[in-house]
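Chain residues, written in single-letter form:
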Amino acid sequence: MNNHVTVLEIEGNAITHNLNYFRQKLHPETKILAVVKAFGYGSDGVKVASFLKDKVDYFAVAYSHEGVALRQADIKTPILVLHPQSQNIDLIVQYQLEPSLYNFNILNAFLSFTEKQLLTEYPIHLKFNTGLNRLGFCNNDVPKLMSSLGESKYHKIVSILSHLAASEDTSERDFTLTQLNNFNSIIKEVDTYLDYKPIIHALNTSGVINYPEAQFDMVRIGIGLYGFGNNKEETSKLKNSHVLKSVISQIHTIKKGETVGYNRAFKAKRLTKTATIPIGHADGISRKLGNNKGYVTIRDKKAWIVGNVCMDMIMVDISSINCDEGDEVFIFKNQEDILFMASITNTISYEILTMISQRIKRFLRF
Ligand SMILES: *Cc1c(COP(=O)(O)O)cnc(C)c1O
């Protein structure tokens, strides 16, 4: 049971809006894969996927247990596991998850499993490294790879993918075009071994924004679904899906010279009113936001954080806000709030969203 008053509202309508926004950028036949890894970018992967299951062609998760959670919620949509390991192959097959195979270790382990179990055309995906240098076969691997795969009936290559290293960075356009060229030649080479056409895909959110000509047969949209493009203009066309809210637990009146919080980090220069909010650094509110660096919103006004961020609470200055104990507090409600938090803590929207702890209760609203 979780009856925490600090809640993350997942805005279903925002996600649908964002999905439609990307859909209208694409050819009508291009498939959409929704990336719901890391609890749906810190929201709730199962809730998001249940909501999207009839609206997208594929889901992707990073690790197999994330895919298992979707299957246990009765989601039947194909699920790509981006980072499978040989330790989870039986789980992958048991839950009908589809591995993205990236080296000979995992490939051989998977192929011997499908053969031993006498599986029929089990869906597999081949991941190629074209410059990110994270996971993937390299272009020289194609002949050996295709001979390892043979003409077996135990598996079927459903898709071939690669991942861009700097799709959001227009100053890296030449590098990205080289990656896409490499990928194109890999596809051509693989094609000479096959008598069917796997799904080809390379683009993430900012890839769709900057390189729509490379959409191939499918695109993989993550952060865009949750409201962030790779620049201000794109982000302004999207809707924020993560609304983090709480309530005022207690209000204090602090006299001049008194202090607030651990290490007495805040010393009142004048009569100050503070509100204590039940969210802290254990919930993903960085300590870097303490001491007037970060704010929350109460009755449409910014209330800046006073003193140090505690593990489970923050105190905020409400001297000029007319509010009461029990009032609603937005930790963030729009992209501007999230991007401000990211800039103060020296990070990106992805990290702000995925840092929201599992202690916080989640709701999907639509
Ligand atoms: C996380 C991930 C994505 C989604 O990226 P966004 O920038 O969030 O759209 C796509 N492809 C791969 C391989 C990923 O790991």
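Residues numbered from 1 in each chain as written. Predicted model: local features only at pLDDT ≥ 70, side-chain atom pairs only at ≥ 80, totals over all residues. Heavy atoms only, no water.

Novice: What exactly am I supposed to notice about the site of the ligand here?
Specialist: Taken together, 13 residues form the shell around the ligand, and within it K37, Y41, T205, I223 and Y350 come nearest. Y41 is positioned with one of its side-chain polar atoms (N or O) 2.6 Å from an oxygen atom of the ligand. In the environment of the ligand, an oxygen atom lies 2.5 Å from a nitrogen or oxygen atom belonging to the side chain of T205. In the complex, 94% of the free accessible area of the ligand, which totals 390 Å², lies under the protein chains. Applying the majority rule of atoms within 2 Å of the grid points places the ligand in the largest pocket. Listed by contribution, the elements that provide at least two residues to the shell around the ligand are α2 (37-42) and β9 (218-221). (Near = heavy atom within 4 Å. Polar contact = N/O pair within 3.5 Å; in protein donor to acceptor, adjacent residues only side chain to side chain. Areas by Shrake-Rupley, 256 points an atom, 1.4 Å probe, with all protein chains shown as cover. 1 Å grid on protein atoms, 1.4 Å probe; cavity = no way out; pocket = protein on both sides within 12 Å on 5 of 7 lines; lining within 4 Å. Sits in = over half its atoms within 2 Å of the grid points. Helix = DSSP H or I, 4+ residues; strand = E, 2+ residues; numbered from the N terminus.)

Novice: Hey, could you run me through the side chain of N129 in this one?
Specialist: Here N129 shows up in the loop between β6 (122-128) and α7 (142-149). Within polar-contact distance, the side chain of N129 engages the side chain of N133 at 2.8 Å. Excluding its chain neighbours within four sequence positions, the residues that come into contact with N129 are R134, L135, G136, F137 and C138. (Contact = heavy atoms within 4.5 Å.)

Novice: Could you clarify how one ought to interpret the pattern of salt bridges in this entry?
Specialist: Here the structure, examined in full by the defined rule, presents 15 salt bridges. D191 is the partner of K197 in a salt bridge, and the nearest nitrogen-oxygen pair spans 3.0 Å. (Salt bridge = Lys/Arg side-chain N within 4 Å of Asp/Glu carboxyl O.)

Novice: I keep staring at the nonpolar core and nothing clicks. Help me out?
Specialist: One broad trend across soluble globular proteins is that nonpolar side chains are buried collectively. Ranked by size, the top nonpolar core spans 107 residues in total, and within it L52, F59, I298, V316 and I331 carry the most contacts. Element by element, the count of residues in this core is highest for helix α6 (residues 104-116), at six residues. Looking at which domains feed residues into this core, each of domain 1 (12-228) and domain 2 (242-365) gives three or more. Not counting chain neighbours up to four residues away, the residues in contact with I298 comprise I248, A303, V316, I318, I321, C323, E328 and V329. Among the nonpolar cores identified, the runner-up in size contains seven residues, and I254, V260, F266 and V306 belong to it. (Core = buried A, V, L, I, M, F, W, Y, C linked by side-chain atoms within 4.5 Å. Buried < 20%, exposed > 50% of the residue type's maximum accessible area, 1.4 Å probe, protein only. Domains from an automatic or database assignment.)

Novice: Before we go on, may I ask you to explain helix α3 (residues 45-52) in this structure?
Specialist: In an α-helix, one turn spans 3.6 residues, which is why side chains three or four residues apart end up on the same side. The set of residues buried in α3 consists of G45, V48, A49, F51 and L52. Burial along α3 is one-sided: seen end-on, the buried residues are contained in an arc of 160 degrees. Where α3 begins, one side-chain oxygen reaches toward the backbone nitrogen of V46, 3.1 Å away; that side chain belongs to D44. (Arc of directions from axis to C-beta.)

Novice: Looking at this structure, how should I read the packing of α7 against helix α8 (residues 173-191)?
Specialist: When two helices pack together, their arrangement is given by the angle between the helix axes and by the axis-to-axis distance. Axis separation between α7 and α8 bottoms out at 10 Å; the angle between their running directions is 40 degrees. Compared by their axis directions, α7 and α8 come out oblique. Here the hand of the crossing between α7 and α8 comes out right-handed. Residues V142, P143 and M146 of α7 pack against I186, E189 and V190 of α8. (Axes fitted to C-alpha atoms, helices over the stretch in contact; angles between N-to-C directions. Parallel < 35°, antiparallel > 145°, perpendicular 65-115°, else oblique. Left-handed = near helix turned anticlockwise from the far one by under 90°.)

Novice: For this particular structure, what's the right way to read the domain arrangement of the protein?
Specialist: When the parts of a complex come together, some accessible area is lost, and that lost area is often taken as the interface size. On domain assignment, one finds that the protein holds domain 1 (12-228) and domain 2 (242-365). Each partner contributes residues to the interface: domain 1 has 15 residues there, and domain 2 has 13 residues. The contact between domain 1 and domain 2 buries some 1300 Å² in all, and 65% of this surface belongs to carbon and sulfur atoms. Taken together, the links from domain 1 to domain 2 amount to zero salt bridges. Between the two partners, domain 1 and domain 2, sit five residue pairs in polar contact (both at pLDDT 80 or more). Where the side of domain 1 that touches domain 2 is concerned, the elements lending two or more residues are α1 (12-23), α2 and α3. In terms of residue class, the side of domain 1 that touches domain 2 is built from seven nonpolar, six polar and two charged. (Buried area = accessible area lost by both parts, 1.4 Å probe. Nonpolar A, V, L, I, M, F, W, Y, C, P; charged D, E, K, R; others polar.)

Novice: I keep staring at empty space enclosed by the protein and nothing clicks. Help me out?
Specialist: Empty space among the atoms becomes apparent when a probe as large as a water molecule is rolled across them. All chains considered together, the criterion is met by two cavities of 30 Å³ or more. As a volume, the largest cavity reaches approximately 50 Å³. Considering the residues around the largest cavity, the lining is formed by L289, G294, Y295, I331, D337, F340 and M341. Of the residues belonging to the lining of the largest cavity, the class tally is five nonpolar, one polar and one charged. Considered as a void within the structure, the second largest cavity measures approximately 30 Å³ in volume. Forming the boundary of the second largest cavity are L244, D283, G284, I285, F332, M341, I352, M355 and I356. (Points joined across faces, edges and corners; volume = space filled by probe spheres on them.)

Novice: Help me understand the packing of aromatic side chains in this model?
Specialist: Any pair of aromatic rings gets described here by the distance separating the centres and the angle formed by the planes. Scanning all chains against the criterion turns up 11 aromatic pairs. Between the aromatic rings of F183 and F216, the centroid separation amounts to 5.5 Å while the plane-to-plane angle is 90 degrees, which identifies the pairing as edge-to-face. With F183 in helix α8 and F216 in the loop between α9 (205-210) and β9, this pair connects stretches of sequence that are 33 residues apart. Judged by its relative accessible area of 25%, F216 falls in the partly exposed class. (Phe/Tyr/Trp six-rings, centres within 6.5 Å; stacked < 30°, edge-to-face > 60°.)

Novice: What is the right way to read the layout of surface pockets from this model?
Specialist: The calculated volume of the largest pocket comes to roughly 1200 Å³. Looking at the lining of the largest pocket, the elements that each hand over two or more residues are α2, α9, α10 (232-236), α11 (335-344) and α12 (349-354). The element best represented in the lining of the largest pocket is α12, accounting for four residues. Split into classes, the residues belonging to the lining of the largest pocket amount to 18 nonpolar, 16 polar and seven charged.

Novice: In this structure, what is going on with the environment of S320? I would like to understand it.
Specialist: If you trace the backbone, S320 turns up in the loop between β17 (314-317) and β18 (328-332). Here the alpha-carbon distance between S320 and V219, two residues 101 residues apart in the chain, equals 48 Å.

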